[in-house]
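# Structural overview
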Amino acid sequence: MIDIHELTKRYGAERAVDGLSFTVRPGRVTGFLGPNGAGKSTTMRMILGLDAPTAGSALVGGRAYRELSAPLRTVGSLLDAKGVHGGRSAWHHLAGLAAASGIGQRRVDEVLGMVGLDAGTARKRAKGFSLGMGQRLGIAAALVGDPEVLILDEPVNGLDTEGIRWIRDLMRSLAAQGRTVFLSSHLMSEMELTADHLVVIGRGRLLADMPMREFIESHSAGGTLVRAAEAERMRALLEGAGARVSPDPRGGWLVEALDAAAIGELARAHGVALSELTPRLSSLEEVYTAMAAASAEYRATAGAEVAR
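This text gives an overview of the structure that appears in the document. Computed from a prediction, not measured in an experiment: that's the story for all the values here.

### Section: the sheet that holds strand S4 (residues 55–60)
Here 3 strands make up an open sheet; going across it, the order is S2-S1-S4 and the pairing antiparallel. At either margin of the open sheet sits one strand with a lone partner, and together these are strand S2 (14–24) and S4. The average undirected angle you get between the axes of adjacent strands in this sheet is 20°. As judged from the 7 bridges shared by strand S1 (residues 2–11) and S2, these two strands associate in the antiparallel manner. Paired with Arg-10 across the strands is Arg-15, a residue of S2. The sheet strands contacting helix H1 (residues 40–47) are S1, S2 and S4, and the helix crosses S1 at an angle near 115°.

Below, the structure is given as structure tokens:
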């Protein structure tokens, strides 16, 4: 597991990370969300020992990164796909990493195949790589040690549709093997398809730590989408039962204050045939955007009160 306890990072008077605590467990994909400047990259860097915390701790398997006897075999990471010497080929970059950890060259060829970089491409200098190819090389570097833990910052950046689907399937398959997968992304639709669990931060503080479905359900606006051939009659019945009814942009009625079971019973009792009866959940993007806005408004209000 990755254990974060009261993790704090200050730069002068500014707190980039502020008393952050959460656990990233094996066997699932944990998504890490937050707006730019929320402290995501700083948190990941502290887990990997690249930045020293001002206070608190970031442990992998109960140990600080610097205490790991074989870091590359324990933790694979991708923080910056451009962090490769441009004059080296992809193969030589990975071979150097492997040799430093006592890993054979066969593993280099394996991970190149896993990420879709063929032998010809692997022998080319990295400075000529596209953003997507650089991302694939960075992911190969994260996998070369066959690690128990993966920490990836924006792994789908620059990938095409096929590449995004590939990284989604790869992350889920690695989690299914019992590994710990921790990744950030600004692509909310893709995160919704990939992650099982979410950690959301804002201004360096924890805003949410819960399963993906629970996060969406608990923060959704709610309502039920109802479609019926006798649309106006159904609307009158719903309003007569005390429901709030409004047109849905996709067609049909969005019904609030009456759950799906009650709506179905109402329709049955009055002989109205329904073509759709669907509880409406917000998308991850809608929920996250609303939460981020509420957090910003709260902090702005609190700041104004302090100033007065």
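Additional details are given in the paragraphs that follow.
### What about the packing of aromatic side chains?
Inspection of the entire model under this criterion finds 3 aromatic pairs. Note on Phe-22 and Phe-32: the rings are 5.8 Å apart at their centroids and 45° apart in plane angle, and the pair reads as tilted. With Phe-22 in strand S2 and Phe-32 in strand S3 (residues 28–33), the pair connects residues that are 10 residues apart, well separated along the chain. The burial state of Phe-22 is the same as that of Phe-32; both residues are buried. Consider the rings of Phe-32 and Phe-182, whose centres lie 4.8 Å apart with planes at 35°: the pair is tilted. With Phe-32 in strand S3 and Phe-182 in strand S7 (residues 180–184), the pair connects residues that are 150 residues apart, well separated along the chain. Relative accessible area serves as the criterion here: at 0%, Phe-32 is assigned to the buried category. A residue is classified by how much of its surface remains accessible, and Phe-182, at 0% relative accessible area, is buried. Pairwise contacts between aromatic rings join Phe-22, Phe-32 and Phe-182 into one cluster. Positioned over the ring face of Trp-91 is Arg-123, at 4.4 Å from the centre of the ring. Looking at Arg-136, its charged tip hangs above the ring of Trp-166, at a distance of 4.8 Å from the centre.

### Overview of the pairing of strand S11 (residues 244–247)
A regular strand places its side chains on the two faces of the sheet in alternate fashion. Strand direction decides the pairing type here: S11 and strand S12 (residues 253–256), joined by 4 bridges, are antiparallel. Pairing of Pro-247 across the sheet is with Trp-253, part of S12. Between the antiparallel neighbours S11 and S12 lie 5 residues, among them Gly-251 with a positive phi of about 105°.

### Some remarks on the packing of helix H6 (residues 131–143) against helix H7 (residues 161–176)
Close contact between H6 and H7 brings their axes to 13 Å; oriented N to C, the two are set at 10°. With respect to H7, the axis of H6 lies roughly parallel. On H7, the residues touching Arg-136, Ile-139 and Leu-143 of H6 are Gly-163, Trp-166, Ile-167, Leu-170 and Leu-174. Per-class residue counts for the contact of H6 with H7 are 6 nonpolar, 1 polar and 1 charged.

Definitions and limits used
- Residues numbered from 1 in each chain as written.
- Predicted model: local features only at pLDDT ≥ 70, side-chain atom pairs only at ≥ 80, totals over all residues.
- Heavy atoms only, no water.
- Pairing = 2+ DSSP bridges.
- Helix = DSSP H or I, 4+ residues; strand = E, 2+ residues; numbered from the N terminus.
- Axes fitted to C-alpha atoms, helices over the stretch in contact; angles between N-to-C directions.
- Contact = heavy atoms within 4.5 Å.
- Phe/Tyr/Trp six-rings, centres within 6.5 Å; stacked < 30°, edge-to-face > 60°.
- Buried < 20%, exposed > 50% of the residue type's maximum accessible area, 1.4 Å probe, protein only.
- Lys NZ or Arg CZ within 6 Å of the ring centre and 35° of its normal.
- Parallel < 35°, antiparallel > 145°, perpendicular 65-115°, else oblique.
- Nonpolar A, V, L, I, M, F, W, Y, C, P; charged D, E, K, R; others polar.

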